[in-house]
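Okay, here's what each chain looks like letter by letter:
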Amino acid sequence: MPTLLALDASSSACSAALLIRRDGHDDQLLTRFMLAPREHTRRLMPMIDELLDEAGLTLADLDALAYGQGPGSFTGLRIAAGVAQGLAFGLEVPLIGVSTLEALALAGHRRHHLRHVLPVIDARMGELYTAAYRCHDGQLTRLAEEGLLSPERLSLPAGHEEADWVGVGSGWEQWESLPVTVQAGVSQHLPDMQPAAEDMVLLAAESLAEGGGVAPHLAQPVYLRDQVAWQKSR
């Protein structure tokens with residue numbers, strides 16, 4: 001069974017997680033999480049070393065690596081992708097990019113038993129990264145595609161407006177700027193939740209079991225703002 005390492009630096013938090021699955025044994029999940037703005041480069045490698053030491057493993061024992069592919073902080077995404085890419089290339093193992101929005105939704109489901117989750121991340125520049133998920137028994141179904149929009153354009157997924165929606169992520173700090181229809185349809189919002197490698201490694205394990213993963217040189221962060229930035233630069 002696989003041993004996976006996940007890394008994330010997509011927000012002000014820096015995190016790493018190691019998932020060890022052995023036949024006939026319970027999963028072992030080891031994590032590190034720290035609020036460390038602008039210190040991701042300095043923090044990630046020590047976190048990796050700590051996790052491997054705690055598990056009694058070396059890098060050579062890893063079967064795959066994962067990273068928070070975005071959306072999120074441009075600099076943070078590049079840092080996590082670069083570290084994971086370098087390690088995966090040297091180890092000749094597959095690399096799995098995990099959506100930060102999906103990881104947020106899983107976090108809300110795992111920690112607070114949420115069924116309908118609206119992960120929203122502050123994208124700066126007066127915009128939000130957003131998606132929507134239905135969660136059941138650890139499985140996530142995406143009900144709205146990932147997107148970049150202004151707070152005033154946020155909406156509940158079409159056809160699912162009557163569900164008990166809960167908002168998670170930094171974007172909910174802009175509560176006062178959101179449409180009244182969203183405010184009315186969201187029973188609570190948890191703006192302090194941030195993407196974490198702990199949830200990403202679980203999603204990566206599912207992806208790997210289904211044949212996911214790519215060669216390290218093919219991995220790319222997901223910015224969502226690529227087209228917008230290109231248009232403004234013309």
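Treat the numbers as computed from the prediction; the structure is a model and nothing was measured.

1. Notes on the sheet that holds strand β1 (residues 3–8)
Part 1: Taken in spatial order, the 5 strands line up as β3-β2-β1-β4-β5 in an open sheet, and their pairing is mixed. This sheet does not close on itself; its edge strands, each paired only once, are β3 (28–35) and β5 (95–99). Strand-to-strand, the axes of this sheet are offset by a mean angle of 20 degrees, without reference to chain direction.
Part 2: Running over the sheet, helix α1 (residues 40–55) touches β1, β2 (13–20) and β3 and is turned about 25 degrees from β2.

2. Examining the packing of helix α3 (residues 100–112) against helix α5 (residues 197–209)
Two measures define how a pair of helices packs: the angle their axes make with one another and the distance between the axes.
Part 1: Contact pair α3 / α5: the axes reach a minimum separation of 9 Å and the direction vectors enclose 100 degrees. Taken together, the axes of α3 and α5 are roughly perpendicular relative to one another. Together, Thr-100, Glu-102, Ala-103, Leu-106, Ala-107, Arg-110 and Arg-111 of α3 and Glu-198, Asp-199, Met-200, Leu-202 and Leu-203 of α5 make up the contact between the two elements.
Part 2: Here the contact of α3 with α5 is built from residues that sort into 6 nonpolar, 1 polar and 5 charged.

3. Some remarks on the pairing of strand β10 (residues 186–190)
Part 1: Note that strand β9 (residues 165–168) and β10 share 4 bridges and pair parallel. Across the sheet, the residue bridging to Val-168 is Leu-190, located in β10.
Part 2: With helix α4 (residues 180–185) bridging β9 and the parallel β10, this β-α-β connection has right-handed handedness.

4. Side note on α5
Part 1: The end-to-end C-alpha distance of α5 is 18 Å, a good match for the 18 Å that 13 residues give at a rise of 1.5 Å each.
Part 2: For α5, the set of buried residues is Ala-197, Asp-199, Met-200, Val-201, Leu-202, Leu-203, Ala-204 and Ala-205.
Part 3: Among the structural elements, β1, β2, β3, β4 (64–70), β5 and α3 are those in contact with the buried residues of α5.
Part 4: Gly-211 lies just past α5 and shows a positive phi near 90 degrees.

Definitions and limits used
- Residues numbered from 1 in each chain as written.
- Predicted model: local features only at pLDDT ≥ 70, side-chain atom pairs only at ≥ 80, totals over all residues.
- Heavy atoms only, no water.
- Pairing = 2+ DSSP bridges.
- Helix = DSSP H or I, 4+ residues; strand = E, 2+ residues; numbered from the N terminus.
- Axes fitted to C-alpha atoms, helices over the stretch in contact; angles between N-to-C directions.
- Contact = heavy atoms within 4.5 Å.
- Parallel < 35°, antiparallel > 145°, perpendicular 65-115°, else oblique.
- Nonpolar A, V, L, I, M, F, W, Y, C, P; charged D, E, K, R; others polar.
- Right-handed = clockwise from strand over helix to strand, strands pointing away.
- Expected span 1.5 Å × (residues − 1).
- Buried < 20%, exposed > 50% of the residue type's maximum accessible area, 1.4 Å probe, protein only.

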